[in-house]
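Residue-level listing of the chains:
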Amino acid sequence: MVLTNAAHVDALVPPLLLGALLATLAGRGALAGGLLGLAAGVKVWPLLLVPLLARWLPARAWPPAAIAFALAAGVTLV
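As the structure is a prediction and not an experimental result, all values here were calculated from the model.

Chemist: What's the story with the overall build of the chain in this structure? I'm lost.
Modeler: Within the chain, the secondary structure is distributed over five helices and zero strands. Sequence-ordered secondary structure for the chain, helices as α and strands as β, is α-α-α-α-α. Whereas a compact globule of 78 residues would reach a radius of gyration of roughly 12 Å, the chain reaches 13 Å, a difference of no more than 12%. In terms of overall dimensions, the chain has C-alpha extents of about 45 × 25 × 15 Å along its principal axes. Taking all 78 residues of the chain together, the buried fraction comes to 32%. A fraction of 66% describes how many contacts in the chain between residues 6 or more apart in sequence connect residues 24 or more apart. On the chain, roughly 5,000 Å² of surface is accessible, and the fraction owed to carbon and sulfur atoms is 77%.

Chemist: I would appreciate a short explanation of the nonpolar core in the present structure.
Modeler: The biggest cluster of nonpolar side chains holds eleven residues, and these are V13, L16, L17, A20, L35, L36, A39, A40, L53, F69 and A73. Counting only elements with at least two residues in this core, the list comes to α2 (13-25), α3 (29-42) and α5 (62-77). Leave out the neighbours within four places in its chain, and A40 touches P46, L47, F69 and L77.

Chemist: Looking at this model, I keep getting lost on the environment of L47. Mind explaining?
Modeler: For L47, the location among the structural elements is in the loop between α3 and α4 (50-56). Its relative accessible area of 34% is what places L47 among the partly exposed residues. Through-space distance from the C-alpha of L47 to that of W62 is 16 Å; in sequence the pair is 15 residues apart. Ignoring any residue separated from it by four or fewer positions in sequence, one finds L47 in contact with A40 and F69.

What counts, and where the lines are drawn
- Residues numbered from 1 in each chain as written.
- Predicted model: local features only at pLDDT ≥ 70, side-chain atom pairs only at ≥ 80, totals over all residues.
- Heavy atoms only, no water.
- Helix = DSSP H or I, 4+ residues; strand = E, 2+ residues; numbered from the N terminus.
- Rg over C-alpha atoms; globule rule 2.2 N^0.38 Å.
- Buried < 20%, exposed > 50% of the residue type's maximum accessible area, 1.4 Å probe, protein only.
- Contact = heavy atoms within 4.5 Å.
- Areas by Shrake-Rupley, 256 points an atom, 1.4 Å probe, with all protein chains shown as cover.
- Core = buried A, V, L, I, M, F, W, Y, C linked by side-chain atoms within 4.5 Å.

Quick look at the structure:
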């Protein structure tokens, strides 16, 4: 029973990370940052992917990605 109760949160991380990866590859910085921020709100370890995904984004997409990430991660972590 305890394992089943904790497993539902872990099911949210893969779709959010996949969405962040696909948005990054499409150059949609704000969407990628927001999805990665939500994934970081569910589990903290997706924070390790921030430098990797930021490297793949075009430079013009960095500011919206950083703002969206900070807002999403901040709200979900609080």
